Amino acid sequence: MTLIRPAALIATLILSPLMALAAPAPEPMRFTSQSIEMPTSDRIFPDGPGVEAVNNNCLACHSAGMVLTQPKLSKTQWTETVNKMVHVYKAPIDQADVQTIVDYLTALKPTP
């Protein structure tokens, strides 16, 4: 068993914080502006009951192509998805349009 000399222990306790103060300051964080280019599309949803509500609400954030290539979802799944867009992502969809959008999306046939 080795004994630590009191003087060495005291020196370590005193010098350790001083060594931290002598260390160079970390590089400050630098932020820069970035720009991204979102893909554009003039594609709209196929005609059907409720298409106007879908085009007016969904195309603000999603391309029709992205939505149209989703797998077939049930009415319950589309209801959950649309409600998530409204409540979680704060999509500005009028509550009166939600059921119309859900019905339209439920009736869609996915396209490859």
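Everything numeric in this text was worked out from a predicted model, so none of it was measured.

*Asks:* Mind showing me how you'd approach the packing of aromatic side chains here?
*Replies:* By convention here, two paired aromatic rings are described through the distance between centres and the angle between planes. The tally for this structure, following the rule as stated, stands at one aromatic pair. Taken together, a centroid distance of 6.1 Å and an interplanar angle of 90° make the contact between phenylalanine 45 and tyrosine 104 edge-to-face. Pair noted here: phenylalanine 45 is in the loop between helix H1 (6–22) and helix H2 (51–58) and tyrosine 104 is in helix H5 (residues 95–107), with a separation of 59 residues, a long-range link. Across the pair, exposure class does not vary: phenylalanine 45 and tyrosine 104 are buried alike.

*Asks:* Whenever I open this one, the pattern of salt bridges confuses me. Can you help?
*Replies:* Where charged atoms of side chains with opposite charge meet at close range, the side chains can pair. Under the criterion given, the structure shown has two salt bridges. Taking the shortest distance from any N to any O, the salt bridge between arginine 30 and glutamate 27 comes out at 3.4 Å. Judged by relative accessible area, arginine 30 falls into the exposed class, the value being 63%. Using a relative accessible area of 64% as the deciding quantity, one classes glutamate 27 as exposed. Of the charged contacts, one joins lysine 75 and aspartate 103 as a salt bridge, the two residues approaching to 2.9 Å between their closest N and O atoms. Note that lysine 75 is positioned in helix H4 (residues 75–87) and aspartate 103 in helix H5, a separation of 28 residues in sequence. Overall, aspartate 103 belongs to the partly exposed group, its relative accessible area being 34%.

*Asks:* Could you clarify how one ought to interpret the layout of surface pockets in this entry?
*Replies:* Regions of empty space are outlined by a rolling probe, equal in size to a water molecule, passed over the atoms. Each pocket or cavity is described by its volume, and for the largest pocket that value is around 340 Å³. As for the largest pocket, its lining consists of 20 residues, of which Cys58, His62, Val67, Thr81 and Met85 are closest to the centre. Secondary structure elements with two or more residues in the lining of the largest pocket: H2, helix H3 (64–68), H4 and H5. Of the residues forming the lining of the largest pocket, the biggest block, four residues, is contributed by H4. Within the lining of the largest pocket, the residues separate by chemical class into 15 nonpolar, five polar and no charged.

*Asks:* Looking at this model, I keep getting lost on the packing of H4 against H5. Mind explaining?
*Replies:* Two numbers describe a pair of packed helices, the interaxial angle and the distance between the axes. With their axes 9 Å apart at the nearest point, H4 and H5 run at an angle of 135° to one another. In terms of orientation, H4 and H5 fall into the oblique class. The hand of the H4/H5 crossing is right-handed. Here H4 contributes Lys75, Trp78, Thr79, Val82, Asn83 and Val86 to the contact with H5, which in turn contributes Val98, Gln99, Ile101, Val102, Asp103, Leu105 and Thr106. Taken together, the residues of the contact of H4 with H5 break down into seven nonpolar, four polar and two charged.

*Asks:* Just checking my understanding: could you explain the packing of H2 against H5 for this structure?
*Replies:* Following both chains from N to C, one finds H2 and H5 inclined at 105°, their axes separated by 8 Å at the closest point. On the basis of the axis angle, H2 is roughly perpendicular to H5. Where H2 approaches H5, its residues Val51, Ala53, Val54, Asn57 and Cys58 are matched on the opposing element by Asp97, Thr100, Ile101 and Tyr104. Classifying every residue of the contact of H2 with H5 by side-chain character gives six nonpolar, two polar and one charged.

Reading the values: the criteria
- Residues numbered from 1 in each chain as written.
- Predicted model: local features only at pLDDT ≥ 70, side-chain atom pairs only at ≥ 80, totals over all residues.
- Heavy atoms only, no water.
- Phe/Tyr/Trp six-rings, centres within 6.5 Å; stacked < 30°, edge-to-face > 60°.
- Helix = DSSP H or I, 4+ residues; strand = E, 2+ residues; numbered from the N terminus.
- Buried < 20%, exposed > 50% of the residue type's maximum accessible area, 1.4 Å probe, protein only.
- Salt bridge = Lys/Arg side-chain N within 4 Å of Asp/Glu carboxyl O.
- 1 Å grid on protein atoms, 1.4 Å probe; cavity = no way out; pocket = protein on both sides within 12 Å on 5 of 7 lines; lining within 4 Å.
- Points joined across faces, edges and corners; volume = space filled by probe spheres on them.
- Nonpolar A, V, L, I, M, F, W, Y, C, P; charged D, E, K, R; others polar.
- Axes fitted to C-alpha atoms, helices over the stretch in contact; angles between N-to-C directions.
- Parallel < 35°, antiparallel > 145°, perpendicular 65-115°, else oblique.
- Left-handed = near helix turned anticlockwise from the far one by under 90°.
- Contact = heavy atoms within 4.5 Å.

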